[in-house]
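Listed below, chain by chain, are the residues.
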Amino acid sequence: MTSNFLKASAGLAAVFCLAACSGGGTASSGSGETSSEDGGEVVRINLDPYPSTYEPMASGTTLIQNATIFDGLGGQIDDGDVLIENGLISAVGVDLEVPEGATVIDAVGRYVTPGVIDIHSHLGVYPSPGVGAHSDGNEATQPVTAEVWAEHSVWPQDPGFEAALAGGVTTLHVLPGSANLFGGRGVTLRNVSGRTVQEMKFPDAPYTLKMACGENPSRVYGNRGTSPATDMGNMAGYRAAWQRASDYRDDWHEYWDAAEAGEDASPPRRDLELDTMMGVLEGEVLVQMHCYRADQMAQIMDLAREFDYQVTTFHHAVEAYKIPDLLAENGACVAVWADWGGFKMEAYDSIRENLALSHANGACAMIHSDDSGGIQRLNQEIAKALADGRRAGIEISEAEAWTWVANNPATALGIADQTGSLQPGLRGDVVLWSGNPYSVYTRADQVWIDGAMAFNRADESTQPVRDFMLGQPGEGDQ
Amino acid sequence: MKQILSALAVTALTASSALAQTYAVTNGRVVTNTNAGIIENGTVLLRDGDIVAVGAEVAIPADATVIDADGGWITPGIFAPYTQLGLIEVALEASTNDAGADDSDFSVALDVADSFNPAGTHIPSTRMEGVTRVAVYPSTGFNIFGGHGALASTRGDADSLFEHGSFVFADLSQSGASRAGGSRSAAWTYLDAAFEDAAGYLGRYSNAHHGDALDRYDAAALVPVVRGEVPLVVNVDRAADIRRAIRFRNEHPPLRMIIQGGAEAWMVADELAAAGIPVLIDPIRNLPGSFDSLGSTLAAAERLHAAGVTVAYTTETADGYFNARLLAQHAGNSVAHGVSWSDAFAAITRVPAEIYGVDARYGSLAAGYAGDVVVWDGDPLEVMSAPTHVLIDGAQTVLESRQTMLRDRYMDITDETPFAYRR
C-alpha cells in the first residue's frame, strides 16, 4: 500500500475500533462483526470479509541484461539490467553482478518495463463470450448500489485475462459499470489465473468505489421514468446519498465514542451500502468516477468538497484537457483513452492530445482501456498519445510516457509502493518487450508477475488457457 | 452500381484547399502497390486530379507545386472497406444516427447514399489520418438486409460520394438469425426466398404487392444482386455459417459474394480461396465475443493470407465512424502477428479497391489512377507515424478537424483570452 493508504487505513482502523481496541484489543481486521472485551460487546465492522488468497507462482532468480529500461517513474536506463529475486525487484542498474543460480536473459535490442497496469477494466464482469448469463457488470436496478462489489461478479474464466497478459498487463482494476450514480466497489486483481477471484485479488489493495456522471445514469433511470432523469437529478442523487453516509458515519462515531467512555450504547444498524460510502468519507475507499465533461468534473469536485471526500480519479475524462488546472488544484487524477470518442454526446469533444495535454498542463494523467481489446495494446495507446502530443509541440520522453501505464495508475489505485515501477523491494512485475514498446510491431516476449514467469511467447507451456477455451475452436491461439 | 457524376464545384468548406492542379510529390519512399514495388527516393506527379507519372526519374514540370516528402513515405490513400462514415455523428443520439432503419417498411431498397452526410465532423478527422476512400455500410433493419452500400472519398464535399449501389449488405450471423425469427435456418430460408422473389421479379408481382419474403420494391432492388451485377456482403463469423454461405453462392450463380466478419474464416480458408470469395476481417479481433466467434485469433489474418484468400482489413472491433481512421494500426498489428508488410498494407489500400471493383482507379500509385496520395512522416503502419500531406483527387486537403480546433483552443490554458473567443 502507498503511504497515503497506510495513513487512510490507520485512520479508519482508529475509527472502527476506537472502542474495541482501547483496552489493547486487536486491529480492526478481526474475523467477526463483534468482539468481546472486558465482558462488554462492542460492534465493529469487518473490513476484509472476502480476503485475498493469492499466492505467487514459484519463481527463481532472473537477471535480464543489456536492455533499454523504462522504470515506470519517468527514468530510462540504456544497456541496463534488472534483477528479480524472491519475487521482488532486487536491483536495477548497469552491469549488475550475476547471482549464483540466476537465469540470465540477454535482452540486447529489447526493452524492459514494469508490468502494465490498467485502472479501468471490466474483464470478468463483462467477460467473453458476452452472453446474457455473464452480463454481471451493472446492478442497474436502482441508482445507488454502493453495496455491490465487482469481485462478486468476476468470472475468473474470462479468456480476456490471458489475452491482456500477452499484452504485458500484470495488474488490473475491475469496476462495476456506469449505469448507477454509485455503482459499487471495484477490485484490484493480479493478472493471474485462479479458480476463484480470491486467488486473483491484489493483497491489501485499497477498495475503490465506482461512481458515474452524466448520460448513463440519467438515461438508464430517466427511461424508466424514475430519478435521476437529468444531470441535476444526478447531482441531487449524489448529495442525498452522501448526506445519508455522513449521518451514518456520525452515528458510528457517536456510538464508538460512547462505548469508549464506558457508556451503555447501541450500535447503529449496519448498512452495507453506507459502509462503502463511509469508507470513502474516512479516506480508505478510493473514488474512481466515470465522468466525461469538464463542467461535470468541476461540479463533482465541488460535491467532494461539500461532503469532504477526495475524488481519486476521473475515468474517461475526455475533456480533461479543458480543466487541467482545476484537476491539479483538487488533486484529482484522470484516466483516459488515447483517441476514442464520439459514441455519445458527452464524448463528442474527444481529442487525440487529451492525455499529453492534460499531463503537460499539470494534471495527474494515465491511460485506461475500458475494453477487452484495448487492454491488450495499452503500449500502443500511449504511443499514439505520445506521438500526437509531440506533434502538438508537447515535449514528453518515452520513459516519461511510460508512467501512464505504470506508476500513475499504481498511485491512483493506492498500490504504488507495491508495483508500477522498477525499484528494489517492489513486486517483480516485469515485461520484456521484443523491441521498443512504442512500435506497433513489438510484442511482449515474457511477462513476470511477482517474479514468476506468467507468460512466455516462445513457450506454449507458459501461456495460460482459461477453462472456457478448452476444446473450443482456437484453443491456445493468441 | 452507379457512378455519380456531379458538378465540379468545390465549396469553401470542403477538404480541397485548391482546385486540382499539378503537384509533384517528391523525395520519399514510394509504395506503388504495383509491379513497380517500392521506389526509394521517388516522385509522384499529379495533374488535373489524376496521377500522371510515378518513378525515380520523373521530370518535374515548371508549373508543378512541389510537395517535399522529406524522406518520408509516399503511398496510396488508405481505403477503409467497412465503415459507417458520414452516417453517424453521435452514435447514441438517434437524431444523428442514420445507419439503420428498424422501423422502415423497406430493406434491400434502402440506399446509404441518401443518408450520407459529407459534412460530418468525423470525415476530416479520418482524412487527416490518411484514409481517402471508404465503403459506407448500412446497419440491418427489420430483416436480414441492411440495404445498399456506397463508396465515398473523404473529401467532405458534395462530390465525396462517388458511387452508390455498390453492394447489398445482409446479416446471416446470430444477430441476423435473431432478426429472421430466431434461428439460422430462418435466416437462410429468408435469404433463399428473397432470391426467388428477385429472380421472379417482375412476373410474380404482376398481381401482388407481396412476395414470399420481399415486397415488390425490395425485390426489385435485389435483382442486380441475383444477376451478379452487385455483390452481396454477408456478415458471418462461425465456420459453419461461412460454409453455408459458400454453398449458397455456389447454388446461385452468378452471385458475387463477400464475407464480412469472418472470425472463423481461417478454419475454412482453403474453401474460401477455392471459391474466390474475399473476406473482410478485423485482424486484431481475438476474443470470443460470442459463441459465433470462438475461433477468433490474432493469427487469423496470416492464416487467410497464407491460404491465398483475398483479405481486406476493417476496424470492426472498434467502430466504423469514429475509429475507421485507426485502420493502419489494425494493419500494423497483423504484421506483428505474421502477415508481411506488403500484404497488410495492400489489405487497407489495393485489395479493398479490388473487392469493390474500383481497383483501376484507386488503391495504387500509377499513371491513370485518381490522385489519392498520402505523405507520411514514417512507416504508415506504425502507431507513431502520421500523414504530413493528404491529396485526394489530385488536390491537397487541409489537415484540420473539429478535434484539432478544440486542441488549439485549449493548448495554452494560461492565455487570458476567454476560451470562446479563441479561434
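Each chain carries its own residue numbering, running from 1 in the direction its sequence is written. To read the labels, note that chains go from A and ligands from 1, taken in the order they are written. In keeping with the model being predicted, local features are shown solely for residues with a pLDDT of at least 70 and side-chain atom pairs are shown and tallied solely at 80 or more, while totals for entire chains, interfaces and linings include all residues.

Undergrad: Residue-level account of the sheet that holds strand 9 (residues 169-174) of chain A, with values.
TA: All names here are of chain A. Spatial strand order, 8-9-10-11-12-13-14-15: eight strands in an open sheet with mixed pairing. Looking at strand neighbours, the two that pair on one side only are strand 8 (116-121) and strand 15 (364-367), the edges of this open sheet. Going from strand to strand, the sheet's axes swing by 25° on average, the running direction of each strand aside. A pair of strands is labelled paired if DSSP reports no fewer than 2 bridges between them. A helix here means a DSSP run of H or I that spans at least four residues, while a strand means a run of E at least two residues long, and both kinds are numbered starting from the N terminus. Axis definition: a line fitted to C-alpha atoms, over the contacting stretch in the case of helices. Angles run 0 to 180 degrees between N-to-C directions.

Undergrad: Talk me through the pairing of strand 5 (residues 88-93) of chain A; I want residue IDs and the actual numbers.
TA: Note that strand 4 (residues 76-85) of chain A and strand 5 of chain A share five bridges and pair antiparallel. Its bridge partner lying in strand 5 of chain A, Glu 85 of chain A is registered against Leu 88 of chain A.

Undergrad: Residues and numbers for the pairing of strand 17 (residues 444-449) of chain A, please.
TA: Residues and elements named next belong to chain A. The element strand 17 is largely enclosed, with a buried count of five among its six residues. The sheet contact formed by strand 16 (residues 430-433) and strand 17 spans four bridges and is antiparallel. Following the sheet pairing, Val 431 is matched in strand 17 by Val 447. Sheet analysis places strand 17 next to strand 18 (residues 452-456), joined by four bridges and oriented antiparallel. Of the residues in strand 18, the one forming a bridge with Ile 449 is Ala 452. Exposure in this text rests on C-beta crowding, where 20 or more other C-beta atoms within 10 Å of a residue's own make it buried, 12 or fewer make it exposed, and counts in between make it partly exposed. The C-beta atoms are placed from the backbone.

Undergrad: Run through the packing of helix 3 (residues 184-199) of chain B against helix 4 (residues 216-226) of chain B, naming residues and quoting values.
TA: All names here are of chain B. For the pair helix 3 and helix 4, the least separation of the axes is 8 Å and the interaxial angle reads 95°. What the angle tells us is that helix 3 and helix 4 run roughly perpendicular. Contact with helix 3, carried on its side by Ala 194, Phe 195, Asp 197, Ala 198 and Ala 199, involves Ala 219, Leu 222, Val 223 and Val 226 of helix 4 and no other residues of that element. Residues belonging to the contact of helix 3 with helix 4 are distributed by class as follows: eight nonpolar, no polar and one charged. Each angle receives one of four descriptions, namely roughly parallel if under 35 degrees, roughly antiparallel if over 145, roughly perpendicular if within 65 to 115, and oblique otherwise. Residues are defined as contacting one another if the C-beta atoms placed from their backbone atoms lie within 7 Å. Side-chain classes follow a simple rule in which Ala, Val, Leu, Ile, Met, Phe, Trp, Tyr, Cys and Pro form the nonpolar group, Asp, Glu, Lys and Arg form the charged group, and the remainder, Gly included, forms the polar group.

Undergrad: Outline unusual backbone geometry, listing residues and values.
TA: In this model, Ser 227 of chain A is joined to Pro 228 of chain A through a cis peptide bond whose omega is 5°. Checked against the element boundaries, Pro 228 of chain A lands in the loop between helix 3 (215-222) and helix 4 (231-260). Of the consecutive residues Pro 253 of chain B and Pro 254 of chain B, the connecting peptide bond is found in the cis state with omega at 5°. By the element assignment, Pro 254 of chain B lies in the loop between helix 5 (239-251) and strand 12 (257-261). With phi around 55°, Asn 86 of chain A is a residue other than glycine that occupies positive phi space.

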